[in-house]
Amino acid sequence: MCTKTSIGRLIVGGAMLLLATELVSGSIDHKVPDETISPLIEATSIRGPYFDKLASKNVTALVGHTAYLNCRVRNLGNRTVSWVRHRGIHLLTVGRYTYTSDQRFQAIHSPQNEDWTLQIRYPQIRDSGYYECQVGTTPPIGHAMVLTVVEPITTIIGGPDMFINKGSTMNLTCIIKHSPEPPPLIYWTHDSKEINYDSARGGVSVITEKGEVTTSYLLVQRATSTDSGKYTCHPSNANPHTVVVHVLNGEHPAAMQKGSKLSLKSSLSFLSVGLVLFIST
């Protein structure tokens with residue numbers, strides 16, 4: 001025998017089942033209050049702050065040229081972004097404010113994007129190391145990046161003095177290493193004057209191969225005594241390097257050095273004989 005209480009429970013249960021069926025089928029437009037759905041959305045469809053690691057990469061910079069470490073934070077909300085240098089756990093910036101006394105460091109951010117950039121002016125080799133972009137969550141989260149500050153090295157093979165036989169082809173090879181990118185421009189000078197490859201002399205050309213190691217070849221055909229002098233390779237993003245070229249009239253420098261040694265040996269022999277004669281008398 002059914003009581004009023006059991007009947008009531010059956011009716012309520014049936015109503016709830018009907019409501020659930022209609023919600024699933026979409027036959028009614030049911031709006032859940034914001035305070036009910038917000039925790040659900042936050043737990044399922046919205047993450048907390050996280051780093052876009054594809055846009056937050058390691059950086060190689062040149063000595064003295066402003067460096068930029070970029071950190072992209074998604075879903076930041078009202079949290080604060082800070083930059084920390086791992087060496088000595090040194091706090092550099094908080095938000096857009098510079099916290100360190102080293103004013104070379106500055107945080108750059110535009111409200112229109114999600115990038116927080118650490119700008120480092122006049123970087124030096126000692127600035128190389130790990131830097132971390134941190135978000136003030138509880139607990140804080142961070143993404144570390146490596147800044148490598150390099151000083152490109154320019155060398156000319158065979159320097160500092162080169163000896164070329166008259167009439168032969170002069171081949172000066174300039175190599176640029178440790179540059180984060182190939183130098184946009186390389187030019188050569190002879191005795192401080194930029195070389196003109198279209199001059200009436202002719203036979204002067206340059207071949208440049210760019211890459212991780214950039215090589216520039218200066219070719220001077222049919223070398224003459226006027227081609228002697230200082231040659232300098234000038235990369236646009238590295239220090240220049242100079243060699244002194246001597247164009248010889250058929251005499252090889254090795255013969256000159258050999259002749260000098262023979263002259264020195266003869267002089268020593270002469271002094272020895274003189275000394276023996278002096279002692280014997």
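Residues numbered from 1 in each chain as written. Predicted model: local features only at pLDDT ≥ 70, side-chain atom pairs only at ≥ 80, totals over all residues. Heavy atoms only, no water.

Engineer: When you look at the pattern of salt bridges in this model, what are you seeing that I'm missing?
Structural biologist: For side chains bearing opposite charge, pairing can occur when the charged atoms are close. Counted under the stated rule, the structure contains eight salt bridges. In this structure, Asp127 and Arg104 form a salt bridge, with 2.8 Å as the shortest nitrogen-oxygen distance. Taken together, the positions of Asp127 in the loop between strand S8 (115-120) and strand S9 (129-135) and Arg104 in the loop between strand S6 (97-98) and strand S7 (105-109) put the pair 23 residues apart, joining distant regions of the chain. The pair formed by Asp127 and Arg104 is uniform in burial state, with each residue classed as buried. The salt bridge involving Asp227 is made with Arg201; its shortest N-O contact spans 2.8 Å. In this pair, Asp227 is assigned in the loop between strand S17 (214-220) and strand S18 (229-235) and Arg201 in the loop between strand S15 (193-194) and strand S16 (204-209), connecting sequence segments 26 residues apart. Here Asp227 falls in the buried class, since its relative accessible area comes to 7%. Overlapping salt bridges, with partners in common, bring together Asp52, Arg72, Arg74, Glu114 and Asp115 in one network. (Salt bridge = Lys/Arg side-chain N within 4 Å of Asp/Glu carboxyl O. Helix = DSSP H or I, 4+ residues; strand = E, 2+ residues; numbered from the N terminus. Buried < 20%, exposed > 50% of the residue type's maximum accessible area, 1.4 Å probe, protein only.)

Engineer: So what exactly am I meant to see when it comes to the packing of aromatic side chains here?
Structural biologist: Two aromatic rings are characterised by how far apart their centres lie and by the angle between their planes. Under the definition given, this model contains one aromatic pair. With 6.5 Å between their ring centres and 35 degrees between their planes, Phe105 and Tyr131 make a pair best called tilted. Placement of the pair is Phe105 in strand S7 and Tyr131 in strand S9, with a sequence separation of 26 residues. Tyr131 carries the same exposure label as Phe105, and that label is buried. (Phe/Tyr/Trp six-rings, centres within 6.5 Å; stacked < 30°, edge-to-face > 60°.)

Engineer: How should I be thinking about the side chain of His190 in this particular structure?
Structural biologist: Residue placement: His190 occurs in strand S14 (residues 186-190). The class of His190 is buried, set by a relative accessible area of 19%. With near-sequence residues (within four places) excluded, His190 lies in contact with Ile195, Thr226, Asp227, Ser228, Gly229, Lys230 and Tyr231. (Contact = heavy atoms within 4.5 Å.)

Engineer: Just checking my understanding: could you explain unusual backbone geometry for this structure?
Structural biologist: Trans peptide bonds make up the majority, and among non-glycine residues the majority have a negative phi. Cis geometry marks the peptide bond from Thr138 to Pro139; its omega dihedral reads 0 degrees. For Pro139, the position within the fold is in the loop between S9 and strand S10 (141-150). In this chain, Gly159 is followed by Pro160 through a cis amide linkage whose omega measures 5 degrees. Mapped onto the elements, Pro160 comes out in the loop between strand S11 (153-156) and strand S12 (161-165). The residue Asn75 is not glycine, and still its phi comes out positive at about 55 degrees. Among the secondary structure elements, Asn75 is positioned in the loop between strand S3 (67-74) and strand S4 (81-85). Positioned with a positive phi, His178 is a non-glycine residue whose angle comes to about 60 degrees. Inspection of the secondary structure assignment puts His178 in the loop between strand S13 (170-177) and S14. Taking relative accessible area as the criterion, His178 reaches 47% and is therefore assigned partly exposed.

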